[in-house]
Amino acid sequence: MLAGYGVIERPNWQETIDLYRLCCTLELWCWKAQFGMHDRLAELTRELESVDWR
């Protein structure tokens, strides 16, 4: 994904990618919960719990 952007001059760009990943995962979790796909929430929940936000 990042290769297409060339040189990234923004400081702390990895933190921005981490935030986008969190938002996308949360959106997917909410979408699946809304449509009753509860059997698929456990994997997303584990992924969200495994993120180190320090």
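The structure contained in this document is the topic of the report that follows. Since the model is a prediction, treat every value here as computed from it, not as a measurement. (Residues numbered from 1 in each chain as written. Predicted model: local features only at pLDDT ≥ 70, side-chain atom pairs only at ≥ 80, totals over all residues. Heavy atoms only, no water.)

The next thing to look at is the overall build of the chain. The number of helices and strands found in the chain is two helices and zero strands. In terms of overall dimensions, the chain is more spread out than a globule: its C-alpha atoms have a radius of gyration of 14 Å, far above the 10 Å expected for 54 residues. When the backbone C-alpha atoms are referred to their principal axes, the chain occupies close to 40 × 25 × 15 Å. Sorting the 54 residues of the chain into buried and exposed places 9% on the buried side. Accessible area of the chain: about 4900 Å², with a carbon and sulfur share of 57%. Averaging the locations of the 6 positively and 9 negatively charged side chains of the chain gives two centres separated by 4 Å. (Helix = DSSP H or I, 4+ residues; strand = E, 2+ residues; numbered from the N terminus. Rg over C-alpha atoms; globule rule 2.2 N^0.38 Å. Buried < 20%, exposed > 50% of the residue type's maximum accessible area, 1.4 Å probe, protein only. Areas by Shrake-Rupley, 256 points an atom, 1.4 Å probe, with all protein chains shown as cover. Lys, Arg positive; Asp, Glu negative; His and termini not counted. Charge placed at Lys NZ, Arg CZ, Asp CG, Glu CD.)

Right, let's get into a nonpolar patch on the surface. Residues Tyr5, Ile8 and Trp13 make up a contiguous nonpolar surface patch of roughly 310 Å² in combined accessible area. For Tyr5, the position within the fold is in the segment before helix H1 (13–34). Residue Tyr5 is classed as exposed on the basis of its relative accessible area of 62%. (Patch = residues over 30% accessible without salt bridge, like charges linked within 9 Å, V, L, I, M, F, W, Y side chains within 5 Å. Salt bridge = Lys/Arg side-chain N within 4 Å of Asp/Glu carboxyl O.)

As a further point, take the environment of Ala42. You can see Ala42 is positioned in helix H2 (residues 41–49). Here Ala42 falls in the partly exposed class, since its relative accessible area comes to 39%. In sequence terms Ala42 and Trp29 are 13 residues apart; their C-alpha atoms lie 9.3 Å from each other.

Before going further, it helps to spend a moment on the side chain of Lys32. Considering the arrangement of structural elements, one finds Lys32 in helix H1. For the buried Lys32, no salt bridge is present, and the opposite-charge side chain at shortest range is Glu43, 6.9 Å distant. Once residues within four sequence positions are removed from consideration, Lys32 is found in contact with Met37, Arg40, Leu41 and Leu44. (Contact = heavy atoms within 4.5 Å.)

Counted at 1.5 Å a residue, the expected span for H1 with its 22 residues is 32 Å, and the 32 Å between its end C-alpha atoms agrees. By the burial criterion, the buried members of H1 are Thr16, Thr25 and Lys32. As for H1, its buried residues are in contact with H2. Phi for Gly36, located one or two positions after H1, is positive at around 75°. (Expected span 1.5 Å × (residues − 1).)

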